[in-house]
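# Fold and contact review
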Amino acid sequence: MFSLGIYTGPHDPAACLVADGRVVAAIEEERLTRVKYGTIRANLGLWEDYGDRFGYFPWSATAYCLQAAGIGLDDVDRIVLADDYLAPMAALNIPVRDPERILVARDPAGCAHHHMHALSAFYASEFNEAAVLVVDGDGTWTDTGYEAESAYVFDRDGRHTTVQKNRYVPLPAGDRVPNLFHSGLGWMYEYVTGLLGFSNVRAGVPDAGKTMGLAPYGGPSSLLAGEWFHERAGRFDFRPFLDWIVAAGYVDYLDDRSFKIIEDPDRISAYAMDLAWKAQSELERGLLALATEVRRRTGQRYLCFAGGVGLNAVANGVLARAGIFDRVFVQPAAGDNGQAIGLAYHGYVTAGKARMLTPIRDSYTGTAYPTEEILAHLQVLNISAEVIDGDLAEHVATELAGGEVLGWFQGGSEFGPRALGHRSILADPRPEDMKDRINERVKMREMFRPFAPSVLSDLASEVFDTSAAADLRFMLSCCGVREEWQKRIPAVCHVDGTARVQVVDASTDELYHGLISHFHRLTGVPLVLNTSLNVRGMPLVETPADALQCLLSSDLDALYLHNIRVVYPPHASLYVRLADGWSLAEAAGGATLRHIGTGGALGVTEDEAALLGALDDGRTLHAATVAAGIGPDSDGARRTAGMLLRRGYRAGALTVDAGGLPFDTRWTFGRLPHAEGSRPHSPFAGPIGPDGIRLPRSVGR
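Residues numbered from 1 in each chain as written. Predicted model: local features only at pLDDT ≥ 70, side-chain atom pairs only at ≥ 80, totals over all residues. Heavy atoms only, no water.

## Focus on the overall build of the protein chain
- Looking only at helices and strands, the protein chain features 22 helices and 34 strands.
- In the protein chain, which comprises 701 residues, the share counted as buried stands at 60%.
- Long-range contacts, defined as pairs at least 24 residues apart, comprise 69% of the intrachain contacts of the protein chain with a sequence gap of at least 6.
- Working note: accessible area of the protein chain is about 26500 Å², and carbon and sulfur atoms make up 49% of it. (Helix = DSSP H or I, 4+ residues; strand = E, 2+ residues; numbered from the N terminus. Buried < 20%, exposed > 50% of the residue type's maximum accessible area, 1.4 Å probe, protein only. Contact = heavy atoms within 4.5 Å. Areas by Shrake-Rupley, 256 points an atom, 1.4 Å probe, with all protein chains shown as cover.)

This is how it looks when you write it as C-alpha cells:
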C-alpha cells in the first residue's frame, strides 16, 4: 500500500511516502525550492497569484517522493492532506483519475494537527504502547480555542486515547489592533525568541534554537523573578507571563519582528542572556509538569514526543534525565515538516493497516545521487575535482585530524532539521578555536551558537553522561560532557558543559562510523564535530549542486561529494560583477555598496572599493585584483577578494559565475521581495484565512 502524506503549511511544507508500512521517501519543500521554511507566501510574491485559488502546494516535495519510488499519483492508494489552511481547496486541484483516493484528515474533529504529530511520533518509535506528548505553538482551532499541549496513549493496533488537551483563547493585549496574546508553552518560548530578535523576518518564523543556544550564558536575575505561569495537574495559566510582558513594556511588540532586544549579536547584554535562560527554565518546568501528570494518569513507561517544542534538545535532555519515563523517543522531524509523516501514517491507520507500520531506524529518507552523474556534472561546469581511491573514511579522517573543515555529502539526505552524517560539515573537536572559526568563516552565524558531536555508539558513555532513557540517534537530546573530556573536545562542549549528542552505529551508517573510527585511532577521540551543510539563511543542501553553492559561499577547506574531493575554485576562474540595482557610493565613513530600490547598504574597505571599481564583465576576480593594484599574488589580497566575494554575495550585491555554475541566490533573503500585503505567520481562528481569504467552514485552526 502506498500512502502519500502532504503537508501544505503555512510553514515547513513537506511530503512523505510510506510503502509496505515503511517510510521510503520524505523531504521538506525548502530543500528543493531553496526558500527557507518553504514559506512561499512571505518570500516570492506568489500568494496573490495562487493563494486565492488553493494556496501554495508543495509540488516539488510531492514529485520527489513519487520519483523516489518510481510511481505516479495514480499509483498511490491514499493521498492524505492536513485539514489546515487551504489544503482542502488544494485537494480539488490534484490531478488524479480517482479523487476518492484523496483524504483530507479532519479526524479527530478539532484535533487533527496534534493528532498527526502524535501519529508521526508513535508509529516511528519502537514501542508497542506508549504515552505521546505533543507541544507546539498552536494546532487545530475550534470555538473553544487552539490546542497547544496534548497527551495521548497509542498502541500498534491503531487505538488511541486522548489523555489531556490544553486549549487557549487569545487575549487582547496592548494598544495595537490587532494585538493578541497567545498562551501555551510553545508561544511563551516563541514570544521571548521574537523579543530577543531571533526571527527570520522574511519568513516570519522564529529561530528558537538561538534562544536555546544563548540560554546557558545567562542565569537567574532579580529583573526576571517570579513564575511565568501557574500549573495544576498539567494545566497552565499564563497570565503571570502576560503581566510580565506588560510590566516590561513589550506588549506592543508581540507581533513586531522589527523590535530586537539584541541589536548586535556580537554585543549581547547580560539581560538578554538572562531572559533566554528564563525562557528555557520555564519551558523545562512546564514540560516536566506535563510529563509527570501524563505518567501519573496513564502508568505508561515509554514516552513519544513531537511538535515544534520537541526540537528543544536541552529540554529533552532534562526530561530524559528526570526519570519520569523509562525511555523517551523524539521524532527526528518533530516540527511541522513531520506532519507529512503523520499524514502518511494516517492513511494506513484509517485503512485498518496500522499493524503494518514499522519503526524508523534512521532519518535518511532522501534520494542518493550516483557518483557517475556527479562527476559528469562537474565536468560540464568545468570545475576540477579529485577522485579519492582507496579507503575514503581513512583519508577524510586524516584530513580532519590535520585541522581541515570539510563538507560531507553522502547517500540520501536527512529528514528534519539535523544533519546526521549525510549532509554535514565535519571538523576536529579538539582545537579551542574551531567553534569560532566555523561560526565566523564557514557558517557565518552568531558566535555563541554551539556545535554537536557525532560519537561512536559503543564509546558514547565514556565521553558523555548519557541517560538510559534518551534516544541519542537523532541529535535531539543534550547530555553532560564528562569533566575529564571537556578540555579535550572544547569545540563541541557548550558553555554549560553539555553537548547535543548523536550516536553513530555501524549498522545504520557504515561509512560515517568508519570515518569516526579512523579518527579515533588517529587522535584517541571517538567523535567528530558535526554541523549542517549550509550557511546562515540557507536550507540544508539536498543536491550536489546545492553542496557546491555552499562550498562557494563559505570557507570550507574542501567538499566531499561521495569520494570526489572539490576545493574552492581559483580566483582566475571566478567572474564577479555588481548585481542589478547596486552601485558603489562614497559616504562620510568610507565607501559603501548601496541598492537603489531597497536602500540596502554594505560597507566596504578601501581595498575592497578599489577591487569593486576594477570589476568588469570580461575580467576574472584575479584579473580585477591585478587591475586594482592590491597585490594579487599575496595572501592578504586573496583574503580581501575572497571576503568581499562572500560578503557581497550574501548581501545580494554581487553575482558570481564559477566555471559554468552561477551562484544561485534564491536562499538569500536579502534578494527576495515581500509579497504585497504579506505578513509574518500568526494563527487565526474561524473561516478567515491568510490575507483575508475566506475559507470553507471545514478548514479550521
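That shown, we press on.
## Comments concerning the packing of helix 13 (residues 371–381) against helix 19 (residues 544–552)
- Viewed as axis vectors pointing N to C, helix 13 and helix 19 meet at an angle of 50°, and their least axial separation amounts to 11 Å. Classified by the angle between their axes, helix 13 and helix 19 sit oblique to one another. Of the two elements, helix 13 crosses helix 19, and the hand of that crossing is right-handed. Across the interface between the two elements, I374, H377, L378 and L381 of helix 13 pack against P544, A545 and L548 of helix 19.
- Within the contact of helix 13 with helix 19, the residues separate by chemical class into six nonpolar, one polar and no charged. (Axes fitted to C-alpha atoms, helices over the stretch in contact; angles between N-to-C directions. Parallel < 35°, antiparallel > 145°, perpendicular 65-115°, else oblique. Left-handed = near helix turned anticlockwise from the far one by under 90°. Nonpolar A, V, L, I, M, F, W, Y, C, P; charged D, E, K, R; others polar.)

## Quick notes on the environment of G652
- Inspection of the secondary structure assignment puts G652 in the loop between helix 22 (635–650) and strand 33 (654–658).
- Sequence spacing of G652 and D580 is 72 residues, and the spatial spacing of their C-alpha atoms is 9.3 Å.

## Some thoughts on the layout of surface pockets
- In this structure, the second largest pocket spans a volume of roughly 480 Å³.
- At six residues, helix 22 tops the list of elements feeding residues into the lining of the second largest pocket.
- When the residues that make up the lining of the second largest pocket are grouped by side-chain class, the tally is five nonpolar, two polar and seven charged. (1 Å grid on protein atoms, 1.4 Å probe; cavity = no way out; pocket = protein on both sides within 12 Å on 5 of 7 lines; lining within 4 Å. Points joined across faces, edges and corners; volume = space filled by probe spheres on them.)

## A word on the sheet that holds strand 21 (residues 452–456)
- Pairing within the open sheet is mixed, and its eight strands lie in the order 18-28-27-19-20-26-21-25. Of all the strands in the sheet, the pair left with one neighbour each is strand 18 (386–387) and strand 25 (502–504).
- Bridging between strand 19 (residues 406–409) and strand 20 (residues 423–427) involves four bridges; their strand directions are antiparallel. In the sheet register, W408 faces strand 20, and the bridge partner there is S424.
- Relative to strand 28 (residues 564–566), helix 13 is tilted by about 30°, and along the sheet it contacts strand 18, strand 27 (558–561) and strand 28.
- Across the face of the sheet, helix 19 comes into contact with strand 19, strand 27 and strand 28 while running at roughly 175° to strand 27. (Pairing = 2+ DSSP bridges.)

## Structural notes on the pattern of salt bridges
- Scanning the entire structure with this criterion turns up 25 salt bridges.
- Note that R34 and D546 form a salt bridge whose closest N and O atoms lie 3.6 Å from each other. Here R34, found in the loop between helix 1 (30–33) and helix 2 (40–43), pairs with D546, found in helix 19; they are 512 residues apart in sequence, far enough to count as distant. The pair R34 / D546 is uniform in exposure class, with both members buried.
- For E399, the salt bridge is made with R565, and the minimal N-O distance between the two is 3.0 Å. (Salt bridge = Lys/Arg side-chain N within 4 Å of Asp/Glu carboxyl O.)

## Comments concerning the sheet that holds strand 32 (residues 601–603)
- Taken in spatial order, the three strands of this open sheet run 30-31-32, and their pairing is antiparallel. On the outer flanks of this sheet lie strand 30 (582–587) and strand 32, each paired with one strand and no other. The mean angle between the axes of side-by-side strands here comes to 30°, regardless of whether they run parallel or antiparallel.
- Sheet analysis places strand 30 next to strand 31 (residues 590–595), joined by six bridges and oriented antiparallel. Residue L584 lies in a different strand from strand 31, and its bridge partner there is L593.

## So, the pairing of strand 20
- With five of five residues buried, strand 20 lies mostly within the body of the structure.
- Residues R423, I425 and A427 of strand 20 are buried on one face, and the alternating residues S424 and L426, pointing to the opposite face, are buried as well.
- Where strand 20 lies against strand 26 (residues 527–532), four bridges are found, and the strand directions are antiparallel. Within the sheet, the bridge partner assigned to S424 lies in strand 26 and is S532.

## Concerning the side chain of T193
- Position of T193 relative to the elements: it lies in helix 7 (residues 185–196).
- Here T211 takes part through its side chain, which lies 2.8 Å from a polar atom of the side chain of T193.
- If sequence neighbours within four positions are ignored, T193 has contacts with F198, P206, D207, A208 and T211. (Polar contact = N/O pair within 3.5 Å; in protein donor to acceptor, adjacent residues only side chain to side chain.)

## Looking at helix 6 (residues 112–122)
- The buried count for helix 6 comes to 11 of 11 residues, which makes it a mostly enclosed element.
- Of the positions making up helix 6, those classed as buried are A112, H113, H114, H115, M116, H117, A118, L119, S120, A121 and F122.

## Some points on the environment of E373
- As for its placement among the helices and strands, E373 is situated in helix 13.
- Separated by 171 residues in sequence, E373 and P544 place their C-alpha atoms 9.7 Å apart.

## Topic: unusual backbone geometry
- Backbone torsion omega between D107 and P108 reads -5°, so that peptide bond is classified as cis.
- Mapped onto the secondary structure, P108 falls in the loop between strand 5 (102–105) and helix 6.
- Notably, D12 is not glycine yet its phi reads approximately 55°, a positive angle.
- With respect to the helices and strands, the residue D12 is situated in the loop between strand 1 (2–7) and strand 2 (14–19).
- Of note, the phi angle at A233 is positive, near 55°, even though the residue is not glycine.
- Relative to the helices and strands, A233 resides in the loop between strand 14 (230–232) and strand 15 (235–237).

## Here's the deal with the packing of aromatic side chains
- One pass over the structure, following the stated rule, counts 27 aromatic pairs.
- For the ring pair F127 and Y302, a centre distance of 4.6 Å and an interplane angle of 15° mean the geometry is stacked. Taken together, the residues span a long stretch of sequence, with F127 in the loop between helix 6 and strand 6 (129–135) and Y302 in strand 16 (residues 302–306) at a distance of 175 residues.
- Residue classification places F127 among the buried positions, given a relative accessible area of 4%.
- Against the face of F122 rests R156, its NZ or CZ located 5.1 Å from the ring centre.
- Just above the ring of F229 sits the side chain of R285; from NZ or CZ to the centre is 3.8 Å. (Phe/Tyr/Trp six-rings, centres within 6.5 Å; stacked < 30°, edge-to-face > 60°. Lys NZ or Arg CZ within 6 Å of the ring centre and 35° of its normal.)

## Comments concerning the nonpolar core
- By size, the foremost hydrophobic cluster in this structure holds 103 residues, and its most contacted members are V132, F181, L185, W228, F241 and Y345.
- Ranked by the residues each element gives to this core, the list is headed by helix 10 (residues 270–298), at nine residues.
- Setting aside chain neighbours within four positions, we find V132 in contact with A118, A121, F122, S150, A151, Y152, F154, L303 and C304.
- Core analysis: the second largest hydrophobic core is formed by 90 residues, L17, F57, V528 and L559 among them. (Core = buried A, V, L, I, M, F, W, Y, C linked by side-chain atoms within 4.5 Å.)

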